[in-house]
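A closer look at the structure
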Amino acid sequence: NHLAHAISSASDGRGEDLFLEHGVTGAQVSYGAFWQAAERMAAVLVGAGVAPGDRVAVQAAKSVAMLELYVGCVLAGGVLLPLNPAYTAGEVAYFLNDAAPRVFVLAPEREDELGPVAAAAGVARLFTLAGDETGTLVTAQAGVDAGFQPVRRGPEDLAAILYTSGTTGRSKGAMLTHRALASNSATLCDIWRFSHEDVLIHALPIFHTHGLFVATNVAMMAGASCLFLPGFDADAILRLMPRATALMGVPTFYTRLLAAPGLAGASAGMRLFISGSAPLLAETHERWREVTGHAILERYGMTETNMNTSNPYDGARRPGTVGFPLPGVELRITDPETGVEVARGEIGVIEVRGPNVFYGYWNMPDKTREELRDDGWFITGDLGTVDADGYVTIVGRSKDLVISGGFNVYPKEVEAVIDALDGVVESAVIGAPHPDFGEGVVAVVVAEPGAGLTPDGIRAAIAPHLARFKQPGRVILADALPRNTMGKVQKAALRAAHAGVFG
Ligand code: ATP
Ligand code: MG
């Protein structure tokens, strides 16, 4: 079993070593105990009829048992399908009908609501699982033996279907192979220098690639231990930090930790802070370095590919960039119209190729053909540039590109100018239908309370720094930007909210 072998190799013979300590309850789980628990989960799944290649859906609060379910599913030859607990019954119905899982593990409090949805989708077996490690899944697990013989799975077999975050449209199910997951974790473990001496603060959700495959797989592959938190909690993270060596977070983790007292002292013994899933403002990077002395290591990835680029462990971690392509990952920038590679330094669509790239979108052959070229290059839909030193910078998503009067306006360029103004917390630039220009530029700006900023004042202040066609025709002040759990700004929601500003 390709992936199980890869993630267990560092802990082989280290069964007594600590894998997880629960940051709230203090419960400790050794590697040996975790692996046996995962074997029991595999036995439960096979008992429920899961055959190799069958999907196992889970929509539950973050728990240690959910990680056991993940590894158990891999051992059983199943395909894990984790779902965001925030999804409504209607959304769950879509995912269950689309992926047709054999088993669905759900939160006990939603059994009445989602049971009928699962039945209608033909799910054979339901289990419950709560964030406090109870539920019918855990009861069933206690009733079977460990020592499960892993089902044979090769590198090309699927280990998971992970739905994308749905930032630009309907979520797509990315089919991820054993090889893609195993190879990417091995690379990350190596370039970020993870070892069994590391203690990782694990506060990310585990229905998303960042917390599930980056954080968990890297820790397991290194034989490291995790301080496991059910979610982001600045006080808990600062309390645990003196015992930790590494933190993986989304940008909002870092901005919130900067606002909490005690960061400088708590971070003194840390080795590594990693950020990804959404752009980290250069300003956050710089403030973090002033307060803690550490340069946050920013990397870039996506559901379909796991990680593609990373700033270096040794060498300059450049604020506002996502670093270099990972070893084994090819990256190129192409013209969105022609698909031809652009000159160094020019903006285009980021394409990647490598063992990390997904197999295709579940049940979406047309979408797969559009985005995954025959020769293996995946068209990410992100726009970026590569500078003379090889650092990759993301300037936005091709779907967020604003075309105003025939000119391309890259939102990030305009956002950077606005964000640099005194009193601005953050901004989001979008396009809105415009009677003359096709699209007009709109900036939604969050100001510090009491900063006294006005839309006209902001427009006047940025005018000297941007060509006329890039200047926002409308500036709208807002209390906050709409974000999802992963800290991603929901530009589609902003576009919908401000579609009428140019009349
Ligand atoms: P969907 O594909 O459904 O629209 P999504 O792309 O947001 O949603 P994910 O796979 O969770 O779903 O996110 C991947 C995206 O996150 C990348 O394509 C990129 O746009 C963004 N991203 C990840 N890391 C970074 C980073 N360090 N800087 C900027 N953007 C990032
Ligand atoms: Mg995407």
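Given the structure is predicted, the values throughout are model-derived calculations rather than measurements. (Residues numbered from 1 in each chain as written. Chains lettered and ligands numbered in written order. Predicted model: local features only at pLDDT ≥ 70, side-chain atom pairs only at ≥ 80, totals over all residues. Heavy atoms only, no water.)

Digging into the pattern of salt bridges
On inspection of all chains with the given rule, the structure shows 19 salt bridges. Arg271 serves as the salt-bridge partner of Asp198, at 2.9 Å between the closest nitrogen and oxygen. One end of the pair, Asp198, is in the loop between helix 7 (178-191) and strand 9 (199-202); the other, Arg271, is in the loop between helix 11 (263-266) and strand 12 (272-275), with 73 residues separating them in the sequence. Owing to a relative accessible area of 3%, Asp198 belongs among the buried residues under this scheme. Among the salt bridges present, the one from Glu351 reaches Arg332, with a minimum N-O distance of 2.9 Å. Taken together, the positions of Glu351 in strand 17 (residues 348-353) and Arg332 in strand 16 (residues 330-334) put the pair 19 residues apart, joining distant regions of the chain. Grouping residues by exposure puts Glu351 and Arg332 together as buried. Residues joined by salt bridges that share partners form a network here, namely Arg318, Asp387 and Asp389. (Salt bridge = Lys/Arg side-chain N within 4 Å of Asp/Glu carboxyl O. Helix = DSSP H or I, 4+ residues; strand = E, 2+ residues; numbered from the N terminus. Buried < 20%, exposed > 50% of the residue type's maximum accessible area, 1.4 Å probe, protein only.)

Quick look at the sheet that holds strand 17
Spatially, the four strands line up as an open sheet ordered 16-17-19-20, and their pairing is antiparallel. Only two strands of the sheet have a single partner each, and these edge strands are strand 16 and strand 20 (392-397). Each adjacent strand pair in this sheet contributes to an overall mean axis angle of 45 degrees, direction not counted. As judged from the four bridges shared by strand 17 and strand 19 (residues 378-386), these two strands associate in the antiparallel manner. Paired with Val349 across the bridge in strand 19 is Leu383. (Pairing = 2+ DSSP bridges. Axes fitted to C-alpha atoms, helices over the stretch in contact; angles between N-to-C directions.)

Examining the packing of helix 10 (residues 251-259) against helix 12 (residues 282-292)
Each pair of packed helices can be described by the angle between their axes along with the distance between the axes. Axis separation between helix 10 and helix 12 bottoms out at 10 Å; the angle between their running directions is 45 degrees. With respect to each other, helix 10 and helix 12 are oriented oblique. Here the hand of the crossing between helix 10 and helix 12 comes out left-handed. Residue-level contacts link Tyr254, Thr255, Leu257 and Leu258 of helix 10 to Thr284, Arg287, Trp288 and Val291 of helix 12. (Parallel < 35°, antiparallel > 145°, perpendicular 65-115°, else oblique. Left-handed = near helix turned anticlockwise from the far one by under 90°. Contact = heavy atoms within 4.5 Å.)

Side note on the sheet that holds strand 12
Within the open sheet, the nine strands sit side by side as 2-1-10-9-11-12-13-14-15. Their pairing is mixed. On the outer flanks of this sheet lie strand 2 (28-30) and strand 15 (324-325), each paired with one strand and no other. With three bridges connecting them, strand 1 (residues 18-22) and strand 10 (residues 225-228) associate as parallel partners. Directly across from Glu21, in strand 10, lies its bridge partner Leu227. Along the sheet, helix 3 (residues 64-75) makes contact with strand 1, strand 2 and strand 10, crossing strand 1 at roughly 145 degrees.

Here we look at the packing of aromatic side chains
Tallied over the full model, the rule gives 14 aromatic pairs. With a centroid separation of 4.4 Å and an interplanar angle of 70 degrees, the aromatic rings of Phe95 and Tyr163 are classed as edge-to-face. Placement of Phe95 in helix 4 (residues 89-99) and of Tyr163 in strand 7 (residues 158-163) is noted, with a sequence separation of 68 residues between them. Taken together, Tyr87, Tyr94, Phe95 and Tyr163 form an aromatic cluster joined through their ring pairs. Its end group placed over the ring of Phe194, Arg271 keeps NZ or CZ at 4.9 Å from the ring centre. Over the ring of Tyr313 we find Arg317, and its NZ or CZ is 5.4 Å from the ring centre. (Phe/Tyr/Trp six-rings, centres within 6.5 Å; stacked < 30°, edge-to-face > 60°. Lys NZ or Arg CZ within 6 Å of the ring centre and 35° of its normal.)

So, the packing of helix 4 against helix 5 (residues 111-120)
Between helix 4 and helix 5, the shortest axis-to-axis distance is 9 Å and the interhelical angle comes to 25 degrees. Comparing the axis directions of helix 4 and helix 5 gives the class roughly parallel. Handedness of the helix 4/helix 5 crossing: right-handed. Where helix 4 abuts helix 5, its residues Ala89, Val92, Ala93, Leu96 and Asn97 lie against Glu113, Leu114, Val117, Ala118 and Ala120. Residue composition of the contact of helix 4 with helix 5, grouped by class: eight nonpolar, one polar and one charged. (Nonpolar A, V, L, I, M, F, W, Y, C, P; charged D, E, K, R; others polar.)

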